[in-house]
Structures are given as structure tokens and as C-alpha cells.
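Observations on chain architecture
Listed below are the residues making up each chain.
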Amino acid sequence: MNRLGRKDNETLIEMSLATDGEDSNGPLCETISNTESELPSNSEGLSSTETTLLIPDHQVINKRHQSKDSVFFRDGVRRIDFVLSYVDDPNKEEEKKTERRREFEKNLQKAGLELETEDKKESEDGKTYFVKIHAPWEVLITYAEVLNIKVPIKENDIPSTVEYPLDCMLKPFRLPEKVMHPEPDYFTAPFSKSRQELYLIDNESTFFSPSMRNRIVYYILTRCPYGTEEGKKKFGIKRLLNNGTYTAAYPLHDCQYWKKANDPNCDNERYTLYMEWARFLRFYKEQPLDLIRKYYGEKIGIYFAWLGFYTEMLFFAAVVGLICFLYGWFTMDENMSSKEICAAAIGGEIIMCPLCDRKCEYWKLNTTCESSEYSHLFDNVATLFFAIFMGIWVTLFLEFWKRRQARLKYEWDLVDFEEEQQQLQLRPEYEAKCTHKKKNPVTQEMEPYLPLTSQAVRFCISGTTVLFWISLIIASMIAVIVYRLAVYAAFASIMENTQAPHSISGLLTPQLATSVTASCLNFVIIMILNFLYEKIAVWITDMEIPRTHLEYENRLTMKMFLFQFVNYYSSCFYVAFFKGKFVGYPGNYTYMFSSWRNEECDPAGCLIELTTQLTIVMAGKQIWGNIQEAIVPWIWNWWGRRKARCNPENLYSRWEQDHDLQSFGVLGLFYEYLEMVIQFGFITLFVASFPLAPLLALMNNVLEIRVDSWKLTTQFRRPVAAKAHSIGVWQEILNGMAILSVVTNAFIVAFTSDMIPRLVYYYAYFTNEDSPMSGYINNSLSVFQVSDFLEGNKPEKNPENFLTCRYRDYRYPPGHGRKYDHTMQFWHILAAKMAFIIIMEHIVFIVKFFVAWMIPDVPAEVKARIKREKFLTQKILHEYELNKLKQKLCECKTYENMEKEVIATEGKVELSQAM
């Protein structure tokens, strides 16, 4: 095959000899340096306005007339693969920084990279230098082999899947084929310099995509040395960014997002992504995952694939949750419990015991009428059904995601990526800080390692720090509980009179007022602790010196998730499983720290309070998250570009435009995953208390996809492309939360809702066969004799001279031989709750594991395609090697030796085909 105008018999070596001493763009020459350059004197040889490598002499460059909104060097040929920026700010450290930059850039050139520096006088602020980096062909092919990058060898001839009849109904949601699949499908193989003729190299300048090119350059930047300080070898762009030697390092976007580039060779992928993906009006369209992967790399592509799939699955959970909520709404008038509470003849005659000591007064049950009616929205028989449904839904979600992920691994050439991770992602920080070396038993090469004693010390410090911060969360939660107990008495005394609590509205009871204010306070504390802990988590993970990037991310993920889990969910766990469970009874109340009386649940149960807590924390987090993600970067960018907006476009260069954007950061994607996984916990762990949680999550995620895509495309610099074959450790976290959700929802239905006591009454303690639930409220309230109050908690006023009051519990009445002890009904209800938990857990777990067993992780079609591609790829490689061997042996070996080697090679091919 003729590629790049080669002769059929021309080899790479002959081509390199033919072009030796001559640049591919023309004869070598050097442009005149600008005499007014103001680069620091120590940077000799890296002149500001001249290229450090040579450009054709026939090109006359006038920068004032040439548009700088370009992704190429001044010669218009060499592509800018990466940009470094720094500021000339004279101070004590500047001389040292200049020396570091000079050494670093000299070593980059030694590695084969080509540099071109823009003088600060050419920048918008007059202070910033920009170093543009280009990776020539020889550097790209060298490091493509090192990084084991897969490249095309043959167009895929496996037929695509057959379209289903229902696909026509989905056409309104589809994007154009050119957007969905910007490149043809190829069989691929790892790149090798010795096999260049094998690959489909039509054009060297476009063979490696910009994302591949910036990944290769970044690999060099992170490992390039810049000198020795304090007896230690220093290297890597990360250190230079941390110590201020450079202010930024980033690859360029290919064009402006709101219009196409003037260059006809530009793919305008950023513009396409903005128009077809990042605008909110496209919320109903599918995502162009292949284009996202091509532009941003597989790691970001797999995140958006997971987020999109999660959102699609949420649609089904949201529909079922909405149906359960509507069931509660339509049956609200049929709820016997709220009818009895609201009835003047029942709830109006039942006098309840005071809600706090001394200051609070007796009140009538019917004052909680409206709150008991609305609690039926979430506390009904549909709650049980929805809890079981979500236990199965989460299994289907995780299993179907594995299948989707397996398909993406095949389509994006990530099938064999696990081995690459361990070999290629060794962190430069690990290599720099680990001075000890030992022989690798596999490769038999010396490699750095961290001694066991050092690891143990670092892990102890890390573990202690994490435990300290978790203890801090628990302490803050206890402080919020103390707040609830302290203000509860205040709310109760303000909102009550002798007859009834004087509510501000029919819904705002003392319990609800306390719950709302405490939830808001808890949310503020959560945000503050999050902000502080994020910095601590990164610091202690750096201190552990993980070996690979994968290890680093996994360790940081586990630390952050453990902290966030306790931080976000502790208050919900308290309301669900502790509030109202350890109250005692009038005359013998339980106190926290011997000072504050424990909270009681509303007579209709604690479920409505759990719903309130969940709604405030979940909705507040989503609103605050979207503000942080969208509005804050936009404000910073607006402020940073306020001067440049007055400049002509041809003077506001592409590298300056991108420099003024926000940095996505190494952990940018980590925080996106963390946000979604925390949301996943809200809609699974406590979904029995709030069936509308999946609907809220669905609406948020539809917005989240477009906000994330918008900010990534318009507000952030282009991230360095990175590979990933899965969502990593997040998959295990989701699996763990799926199992835990079955347990928590079973306990919520049993202990937080009022369902089990109602069912026990319905089947065992009813008094009216025609209406089995009538009399339930009276049955669920015990009687207390006012004269048995201790002096410390006896109400100061009793103008009505009540002799008895009621409280929520199952205890024997005054005058009984076992006065105030638990009745047999209490033990029956407790036994029913435990039996329900065991039965529900077993049923859901059996169904979960059966569904997981029934659904294979990898679709049969994908397995067949992987095997077929491996076979064809191996066949192509073997045929290539065989032909090359025949040619080689014909030139330099005897016929007998040639025949033996050809036979051996052919036998290898046949054996491979047979396998």
C-alpha cells in the first residue's frame, strides 16, 4: 500500500537517510531574533520570538497580521501539542526558577520535543511567557510504543448489529451518524516502530489524534528532569507547577466553542461537542460518546457513559417511585389513622403528655392532624413494594452497566488495558521519593520500592488522621443532636398553649420545626467539613506515596468516600434508627449527658422527619454542587477575561484564551464521581422513606450531564487525555452500597415507619371486624397518671387539672400489677419487625443474586467479536511477520536456513489459527 508518497521498496531507514539534514517542511534555516525581546538573560538559547527549532526560510511571518487564534506554530505546519506558561516576576526565587526552566526546556529538547516561546510583550497582560511544545513524528512513534498505544491495521469487516424495529421510535433522540461515530471502526494492534508499514498511516500529521499526542507529551513532561536540589534528583512538570516555576501546563482546545475555526484542516470537535452535546436544549439527545472519547480521552468518556446510563436507569425508578407517591396521595383520605387523629371525638379528646420538662404543657392529639395526613404520602403499603423494587433495580443497574462497560471496552480498544495500567502508570513521585531499589521477580530489572517499615508508619499516620476526622464528624453530629434537644423545648414552649400547640401553620409542629432547622444546620456543617477534609485527604494520600496512578486514585477514593459517607449519611441514620427509640416514658425519661431529654417521634411516626432530613440534605447538596460546578468557574473566567474582551480576535491567541480558562485538575473527575455516588446512596439507602428521591435525582442528572459537558467544553482548559477501562474502585463501592441498601430499607420499613405495628393490630388486636383499623390510634398510645410525674419534669401549669395523659408506647396502665412495663403487644410487634427484616432481606438477596447470576457480565455478541478480532489481528500480524521474514531471508541467508524458518513461522500461524 502506498502511504505518504513512498516508493514500494523504500524502507524507513532509507527515507530517514534521504531527509537527513533537512526538515520535512523545507530547508533548515533560522529566523531573526527580535532585538527587543525581554526574556530573562539566563534563558539564552530559548529566545522569546524565535523558534527553538527551525522553520522554512520561504515563509515570511508577520505576527501582527497573522491570526493567533491557531493551534499551530508560526510556520503553520507543526501542531501545538502542549503549552507551558510562566510569569516574569522578579524576586528572590526568580533566578532559581529561571535556571530550572532553562534546564527543563533543554532536557525536553534532548527528548526530541520542539519548542517555540512567545515573548511576554505579545501576551495580553504583558507579563506571561508561553512555551509551545510540538512532538515530531519520531517522538510520537517512540513513545507510542512505550505506552503500548493501539493503532489501526485494518478496517473492521465484522457486520454491525441488526437494527431492531423499535429503533425508529428512538430517532428523535438520536444524533447524526457523523457526530456519534466520527471515525471508522478498525482492527487495532499495539504500535511498534519496526512494523510501521503494517499500520494505516495515510498522513503522519493526523495519524495520532490530538488526545494521543497530548498524552504522549504529558508522559514526557512528568518524567523530564530539571536538575538536582538538596542532593536529590528533581523532575516532572508537577513539581515545577507546585513550586511556581511554571504557572500552567495544558493542551489546547482545537477551536472556539461558539464558532468553527478558519483553518480548513481543523476538525472543530470542540464546536461540535458544544452544539450537539453541551447545550441544555439538547438534554433529550443521546451523548456522542465516541467523540467525547476521541477529544477528551477514555477516562472522561467512560465517566459520561456511566453517568448517562445511570440517568437512563433512574427513569424507571423515578416512574415507579412517582406511582407509589401518587398511590399515597390518592389514598390519603382513606387512611384510618389520620382520620382518628383529626376527629374531634377521638384526637380532640386525647390529651398528650408534655413534649419537654417543666416549660411544656399538655396538648391535644388532633393538633398533629395535617402532619399525620401528609406522613401517609410516604408511610403506606406502597413503601414496602418500592423498597423491594429498589433492591432489585440496583442489581439490574449494576449488572447491565457491566455489560455496557464490556461493550465500551471492546469498542474503545481497552480489552487488554489492565496489564498496561500496572506497567505504564508508575507515578513519577514514587520514582523520585523511593531511593531504595530491588529486583522485580518478573522483569528481573531493578526498580524503586518503599520499605515495609516506612509503609507501616505512613499507613498508621494516615489511618489515625482519617479516624480523627471521622470522630470530628460524629462529634459535630452529636452537637447537632444536642441542638435539637435544646431548641426542641424552646419550640414546644413557644408553639403550645394549654389546649394545643400553637403552630405557625397547620404543618409546623415542634418536631418538624426542630427537624427543619437542625437539617439546615447539619447541611452547613457538612459543607464546611467537606471543604477542610478534601485538602487533608489529598495530603495524607500524597504522604503514603502510592506506586501507580491507579493505586493513588483508589486510596484517595476510599478515604474521601468513607469520610463523605459518615458526613452525609450520619444525620439520616440518626433520624431513621435512633430518634424516638430510647425515650423512656413519663416519669422515667432518658436523658443525653444527664441534661437533655431525648427526642420523641411524631405520633404518626418518624418517617416524615426522615423524609424532611433526606430532602434538605440531598436537594441542598445538588443545588450547591451545580452552583459550584457552573456559576463559580463562569465568574472566574469572566473576571479573568474582562480585559481581553476588548482585544481584536487575531491578537487574542489560542493559548491565551485557554490559559484564561479554569484548570480541570487531576482530581476533577474524581469529584464528579464522588458527587454521583453520594447521590446514589441517598436514592438507595433511604429510598423507603422518600419514593420521590429517584425523580429528584433524575431531574438533577439530566441537568448534571449538560452542566458537566458545558463547563468542560466552555469553562475549562482541555484536560490531558487519559485511559481507563472501567469506573475503577467506584464499582466496588456501588456494589457495597447496593447490599447495604437492602438492610437499611428493611430496617426503615420495620422500625421507622408505622407499617408493622399497623399490620400486627390489623391481624391480631383489632376490635371491629367491619373496620379492623379503627381504634388503632387509641391502642398505640399508653396511659400515664399525672401524679406519677417526678418533680423535675412535671409541667409547671395544669389549669385543666388533667389526671392522665397519653404517650406513644405499649405499656401497662396505672393500677395494673406491672404498671408501666411493656405489654405483650410490644413484644409481638418487636418479633414481627425482626421477622420482617429477615424475610425481606432473604427474599431481596435471593432475587438479587439470581438476577446477577442470570445476566452475564459480557454480552455473548461482544465475546464473539473480541475473539474474532483477536484472531484476525493475530493472523494479520503473523502474515506480516512471515512476509517480512521471507524477504529478509532471501537477502542474507541460504535457501536451506530460509526454508526452515519459513516452515517454523508458518507452523506458528497455523497453530494460532487452530487455537
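In short, a report on the structure. Just so it is clear, the structure is predicted and the values come from calculations on it, not from any experiment.

Side note on the overall build of the protein
- From N to C terminus, the protein includes 28 helices and 18 strands.
- Restricting to contacts in the protein with at least 6 residues of sequence separation, those with at least 24 account for 77%.
- When the accessible area of the protein is evaluated, it comes to approximately 43200 Å², of which 59% is carbon and sulfur surface.

Considerations on helix α18 (residues 549-577)
- Here α18 is 29 residues long and its end C-alpha atoms lie 39 Å apart, about the 42 Å a rise of 1.5 Å per residue gives.
- For α18, a buried count of 21 out of 29 residues is recorded, marking the element as mostly surrounded by other parts of the structure.

Points about the pattern of salt bridges
- By the definition in use, this model includes 34 salt bridges.
- Among the ionic pairs, Glu609 bridges to Lys579, the shortest N-O distance being 1.8 Å. Linking Glu609 in helix α19 (residues 607-640) with Lys579 in the loop between α18 and β13 (584-585), this pair joins segments that are 30 residues apart in sequence.
- Residue class for Glu609 comes out buried when judged on its relative accessible area of 2%.
- Look at Lys579 and you get buried, because its relative accessible area is 1%.
- Among the ionic contacts, a cluster of salt bridges with common partners joins Arg74, Glu116, Glu118 and Lys132.

Some remarks on the packing of helix α10 (residues 298-330) against helix α13 (residues 381-411)
- One can describe the packing of α10 onto α13 by two numbers: an axis separation of 10 Å at closest approach and a directional angle of 160°. Considering the angle they form, α10 stands roughly antiparallel to α13. For the crossing formed where α10 meets α13, the hand is right-handed.
- For the contact of α10 with α13, a count of residues per class yields 24 nonpolar, one polar and one charged.

Details of the pairing of strand β1 (residues 82-87)
- Buried residues dominate β1, accounting for five of its six residues.
- As judged from the six bridges shared by β1 and strand β3 (residues 128-134), these two strands associate in the antiparallel manner. Each bridged residue has a counterpart across the sheet, and for Val87 the counterpart in β3 is Thr128.
- As judged from the three bridges shared by β1 and strand β8 (residues 248-250), these two strands associate in the antiparallel manner. Across the sheet, the residue bridging to Val83 is Tyr250, located in β8.

With respect to the packing of α18 against helix α23 (residues 729-752)
- In contact at an axis separation of 13 Å, α18 and α23 are set at 10° when each is read in the N-to-C sense. It follows from the interaxial angle that α18 and α23 lie roughly parallel. Residues Asn554, Thr557, Met558, Phe561, Phe565, Tyr569, Phe573, Ala576 and Phe577 of α18 touch α23, and the partners they reach there are Val729, Trp730, Ile733, Met737, Leu740, Thr744, Phe747, Ile748 and Thr752.

A look at the state of the cysteines
- Counted by the stated rule, this structure contains three disulfides.
- Two residues, Cys342 and Cys369, share a disulfide whose sulfurs are 1.9 Å apart. What sets the handedness of the Cys342 and Cys369 disulfide is the S-S torsion sign, and at about 100° it is right-handed. Of this pair, Cys342 sits in helix α11 (residues 336-342) while Cys369 sits in helix α12 (residues 369-375), and the two are 27 residues apart along the sequence.
- Judged by its relative accessible area of 25%, Cys342 falls in the partly exposed class.

A few points about the packing of aromatic side chains
- Under the definition given, this model contains 61 aromatic pairs.
- Their ring planes at 50° and their centres at 5.8 Å tell us that Trp306 and Tyr673 sit as a pair that is tilted. Highlighted residues: Trp306 in helix α10 and Tyr673 in helix α21 (residues 668-685), separated in sequence by 367 residues.
- Exposure remark for Tyr673: the relative accessible area of 6% places this residue in the buried category.
- The ring of Trp655 carries Lys132 above its face, with NZ or CZ at 4.2 Å from the centroid.
- Stacked on the ring of Tyr589, the Lys or Arg Arg597 has its end atom at 3.6 Å from the ring centre.

Topic: the side chain of Asp254
- Inspection of the secondary structure puts Asp254 in the loop between β8 and α8 (269-278).
- Buried within the structure, Asp254 lacks any salt-bridge partner; its nearest side chain of opposite charge belongs to Arg718, at an N-O separation of 5.6 Å.
- Among the polar contacts listed, one links the side chain of Asp254 to the backbone nitrogen of Glu269, at a separation of 2.7 Å.
- A polar contact is formed between the side chain of Asp254 and the backbone nitrogen of Arg270, at a distance of 3.3 Å.

Some points on unusual backbone geometry
- In this structure, Asp413 takes a positive phi of about 60° despite not being glycine.
- Looking at where Asp413 falls in the secondary structure, it is placed in the loop between α13 and α14 (417-424).
- The exposure class of Asp413 is buried, given its relative accessible area of 16%.
- One non-glycine residue, Tyr820, lies in the positive phi region at around 65°.

Comments concerning the sheet that holds strand β2 (residues 114-118)
- Taken in spatial order, the four strands of this open sheet run β2-β3-β1-β8, and their pairing is antiparallel. If you trace the sheet from one side to the other, it starts and ends with β2 and β8, each paired once. This sheet shows a mean twist of 15° between the axes of neighbouring strands, independent of strand direction.
- Where helix α2 (residues 94-110) meets the sheet, its contacts fall on β1, β2 and β3, and the angle it forms with β1 comes to roughly 165°.
- Packed on one face of the sheet, helix α6 (residues 210-221) meets β1 and β3 and runs near 50° to β1.

Structural notes on the nonpolar core
- Ranked by size, the top nonpolar core spans 136 residues in total, and within it Trp306, Tyr310, Trp393, Phe397, Tyr569 and Phe682 carry the most contacts.
- Top element by residues in this core is α10. It accounts for 16 residues.
- When neighbours within four sequence positions are excluded, Phe397 is seen to be in contact with Trp306, Phe309, Tyr310, Met313 and Phe680.

Thoughts on the environment of Glu177
- Among the secondary structure elements, Glu177 is positioned in helix α4 (residues 177-180).
- The class of Glu177 is exposed, set by a relative accessible area of 56%.
- Placed 111 residues apart in sequence, Glu177 and Pro288 show a C-alpha to C-alpha distance of 9.5 Å.

Concerning a nonpolar patch on the surface
- Judged by side-chain polarity, Ile623, Trp624, Ile627, Ile631, Val632, Trp634, Ile635, Trp636, Trp638 and Trp639 come together as a nonpolar surface patch covering roughly 1000 Å² of accessible area.
- Checked against the element boundaries, Trp639 lands in helix α19.
- A relative accessible area of 46% means that Trp639 is categorised as partly exposed.

Notes on the environment of Asn798
- By the secondary structure assignment, Asn798 is in the loop between β17 (781-785) and β18 (804-808).
- In this structure Asn798 comes out as partly exposed when scored by relative accessible area, which is 23%.
- Distance from Asn798 to Glu361, taken between C-alpha atoms, is 7.4 Å for residues 437 residues apart in sequence.
- Beyond its immediate chain neighbours, meaning those up to four positions away, Asn798 contacts Tyr362 and Val786.
- Separated by 3.1 Å, the side chain of Asn798 and the backbone nitrogen of Phe802 make a polar contact.

Here we look at helix α26 (residues 824-854)
- Compared with an ideal rise of 1.5 Å per residue, which puts 31 residues at 45 Å, α26 spans 45 Å between its outermost C-alpha atoms and is within 8% of the ideal.
- Within the sequence span of α26, burial applies to Gln825, Ile829, Lys833, Phe836, Ile837, Met840, Glu841, Val844, Phe845, Lys848 and Val851.
- The secondary structure elements touched by the buried residues of α26 are α13, α23, α24 (755-765) and α25 (776-780).

Digging into the environment of Thr128
- Note that Thr128 resides in strand β3.
- Taking relative accessible area as the criterion, Thr128 reaches 3% and is therefore assigned buried.
- Taking the C-alpha atoms as reference points, Thr128 and Asp88, separated by 40 residues in sequence, lie 6.7 Å from one another.
- Apart from residues no more than four positions distant in its own chain, Thr128 is found in contact with Ser85, Tyr86, Val87, Asp119, Lys120, Ser123 and His659.

Calculation rules
- Think of each chain on its own: its residues are numbered from 1, step by step along the sequence as written.
- Under the rules for a predicted model, residues below a pLDDT of 70 receive no local features and side-chain atom pairs below 80 are neither given nor counted, while totals for whole chains, interfaces and linings still include all residues.
- The side-chain values count all of the structure's non-hydrogen atoms but skip hydrogen atoms and water molecules.
- Numbering of helices and strands runs from the N terminus, with a helix taken as a DSSP run of H or I at least four residues long and a strand as a DSSP run of E at least two residues long.
- Residues are treated as being in contact if the distance between any of their heavy atoms lies within 4.5 Å.
- The method behind every accessible area is Shrake-Rupley, applied with a 1.4 Å probe, and residues are considered shielded solely by the protein chains displayed.
- To estimate how far a helix should reach, multiply one less than its number of residues by 1.5 Å.
- Per-residue accessibility, obtained with a 1.4 Å probe over protein chains only, is compared with the maximum for each type, and a residue is labelled buried under 20%, exposed over 50%, and partly exposed between these values.
- For this document, the term salt bridge refers to a Lys or Arg side-chain nitrogen within 4 Å of an Asp or Glu carboxyl oxygen.
- In this analysis, axes come from line fits to C-alpha atoms, helices being fitted only over the stretch in contact, and the angle between any two N-to-C directions falls in the range 0 to 180 degrees.
- In what follows, roughly perpendicular refers to angles from 65 to 115 degrees, roughly parallel to angles under 35, roughly antiparallel to angles over 145, and oblique to any angle outside these ranges.
- Here a crossing is taken to be left-handed if its near helix is turned anticlockwise relative to the far helix by less than a right angle, and right-handed if that turn runs clockwise.
- Any residue that is not Ala, Val, Leu, Ile, Met, Phe, Trp, Tyr, Cys, Pro, Asp, Glu, Lys or Arg is counted as polar, Gly included; the first ten are nonpolar and the last four charged.
- Pairing between strands requires that DSSP locate at least two bridges from one strand to the other.
- The criterion for a disulfide is a pair of cysteine sulfur atoms lying within 2.5 Å.
- Whether two aromatic rings pair depends on their centres lying within 6.5 Å, for rings of Phe, Tyr and Trp, where Trp uses its six-membered ring; planes under 30 degrees apart make the pair stacked, over 60 edge-to-face, and the rest tilted.
- The criterion for a charge sitting over a ring is simple: Lys NZ or Arg CZ within 6 Å of the ring centre, and within 35 degrees of the ring normal.
- A residue counts as positive if it is Lys or Arg and as negative if it is Asp or Glu; His and the chain ends are not included.
- Any pair of N or O atoms that falls within 3.5 Å is considered a polar contact. Within protein, one atom must be able to donate a hydrogen and the other to accept it, and sequence-neighbouring residues count only if both atoms are side-chain atoms.
- The definition of a nonpolar core used throughout is a set of buried Ala, Val, Leu, Ile, Met, Phe, Trp, Tyr and Cys residues joined through side-chain atoms within 4.5 Å.
- Nonpolar side chains (Val, Leu, Ile, Met, Phe, Trp, Tyr) are joined into patches within 5 Å and like charges within 9 Å, using only residues with over 30% relative accessible area and no salt bridge.

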